[in-house]
Amino acid sequence: MSTDSPLIIALDYPSLDAALCMADQLDPARCRVKVGKELFTRSGPDVLEALHGRGFEVFLDLKFHDIPNTVAGAVQAAAEQGTWMVNVHAGGGRRMMEAARERLDRHGLSTHLIAVTVLTSMEAADLAEVGVAASPAEQVERLAMLARDSGMDGVVCSARESARLRTLCGDDFLKVTPGIRPSFAAVGDQRRIMAPSDALAAGSTHLVVGRPVTQAEDPMAALSAIEAELAGE
Ligand SMILES: O=C(O)c1cc(=O)[nH]c(=O)n1[C@@H]1O[C@H](COP(=O)(O)O)[C@@H](O)[C@H]1O
């Protein structure tokens, strides 16, 4: 099932059963879902099959970062399993991203291929510690332009950077933004956060939401509350 909702719910769970229990409370007409490292490492491709069988479009968030040939193979494997979106780390560089793009194109695979810029959990001090003197905003701009020039369909960034990237890379370049915090939710370990409606207004094309929905007592009610915030209610 295809949806025009911008919402992607992060199924960050330690088991297939727990993830499917949450998925069964969600509606594939109203959101997509994201499978990340913990869930995929525990459940393997079974989780993709189970979610596709329930009608969800799946973002496989494994943030590949390796030599070009290895990443190209991993991206192909993800796409051949019918995933809607897959990501790599832009920090892997131009040749890595170009190899991934070329591999999908050569096999006629239309999975969206995007690159992570600077993680939303990182701020200037974290970048400085790993030898990056630029501010998060500057580093995101640099990596987003490199990602665009290397054939990516878009980037993962904080919604705080979406407006600038819309100017630099255009409306069609996907801006997938985690660190979304509706008015009712706790910030947790995220640093560069934004409210859902502000994120869309800033130019985010997709909003990744995890704990504000998955840790809610009533996840569908939380999803509805976010939809209401988006509709300006
Ligand atoms: O690629 C991602 O999805 C991602 C990139 C990033 O910079 N920050 C980030 O939080 N994420 C993911 O987005 C989700 C955010 O979840 P919550 O903080 O619970 O809303 C998690 O699954 C993270 O792995």
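Residues numbered from 1 in each chain as written. Predicted model: local features only at pLDDT ≥ 70, side-chain atom pairs only at ≥ 80, totals over all residues. Heavy atoms only, no water.

*Asks:* Outline the side chain of Gln76, supporting the account with residue identities and numerical values.
*Replies:* In this structure, Gln76 sits in helix 4 (residues 68-80). The residues contacting Gln76, other than those within four sequence positions of it, are Arg103, Leu104, His107 and Leu109. (Helix = DSSP H or I, 4+ residues; strand = E, 2+ residues; numbered from the N terminus. Contact = heavy atoms within 4.5 Å.)

*Asks:* Any details on the packing of helix 5 (residues 94-106) against helix 7 (residues 136-149)? Residues and values, ideally.
*Replies:* At their nearest, the axes of helix 5 and helix 7 sit 9 Å apart, and the two run at 40° to each other. On the basis of the axis angle, helix 5 is oblique to helix 7. Our pair here, helix 5 against helix 7, has a crossing hand that is right-handed. Counted together, Arg94, Met97 and Glu98 of helix 5 and Leu146, Ala147 and Asp149 of helix 7 form the full contact between these two elements. (Axes fitted to C-alpha atoms, helices over the stretch in contact; angles between N-to-C directions. Parallel < 35°, antiparallel > 145°, perpendicular 65-115°, else oblique. Left-handed = near helix turned anticlockwise from the far one by under 90°.)

*Asks:* Which residues make up helix 1 (residues 16-23), and what are the values?
*Replies:* Residues of helix 1 that are buried include every one of Ala19, Leu20, Met22 and Ala23, and no others. Across the axial projection of helix 1, the buried residues extend over an arc of 155°, all falling on one side. Buried-residue contacts for helix 1 involve helix 2 (37-43), helix 3 (46-53), helix 10 (211-214) and helix 11 (219-230). (Buried < 20%, exposed > 50% of the residue type's maximum accessible area, 1.4 Å probe, protein only. Arc of directions from axis to C-beta.)

*Asks:* Provide a residue-level description of the pattern of salt bridges, including the pertinent values.
*Replies:* Tallying each qualifying case throughout the model produces 14 salt bridges. Between Arg30 and Glu227 there is a salt bridge, with the nearest N and O atoms lying 2.8 Å from each other. Highlighted residues: Arg30 in the loop between helix 1 and strand 2 (32-35) and Glu227 in helix 11, separated in sequence by 197 residues. On the basis of relative accessible area, Arg30 is assigned to the partly exposed category, the value being 28%. The salt bridge partner of Glu102 is Arg106, with a shortest N-O separation of 2.9 Å. With Glu102 and Arg106 both in helix 5 and four residues apart, this pair spans about one turn of that helix. The class for Glu102 is partly exposed, based on a relative accessible area of 39%. Look at Arg106 and you get exposed, because its relative accessible area is 53%. (Salt bridge = Lys/Arg side-chain N within 4 Å of Asp/Glu carboxyl O.)

Limitation: the analysis is restricted to geometry and does not speak to function.
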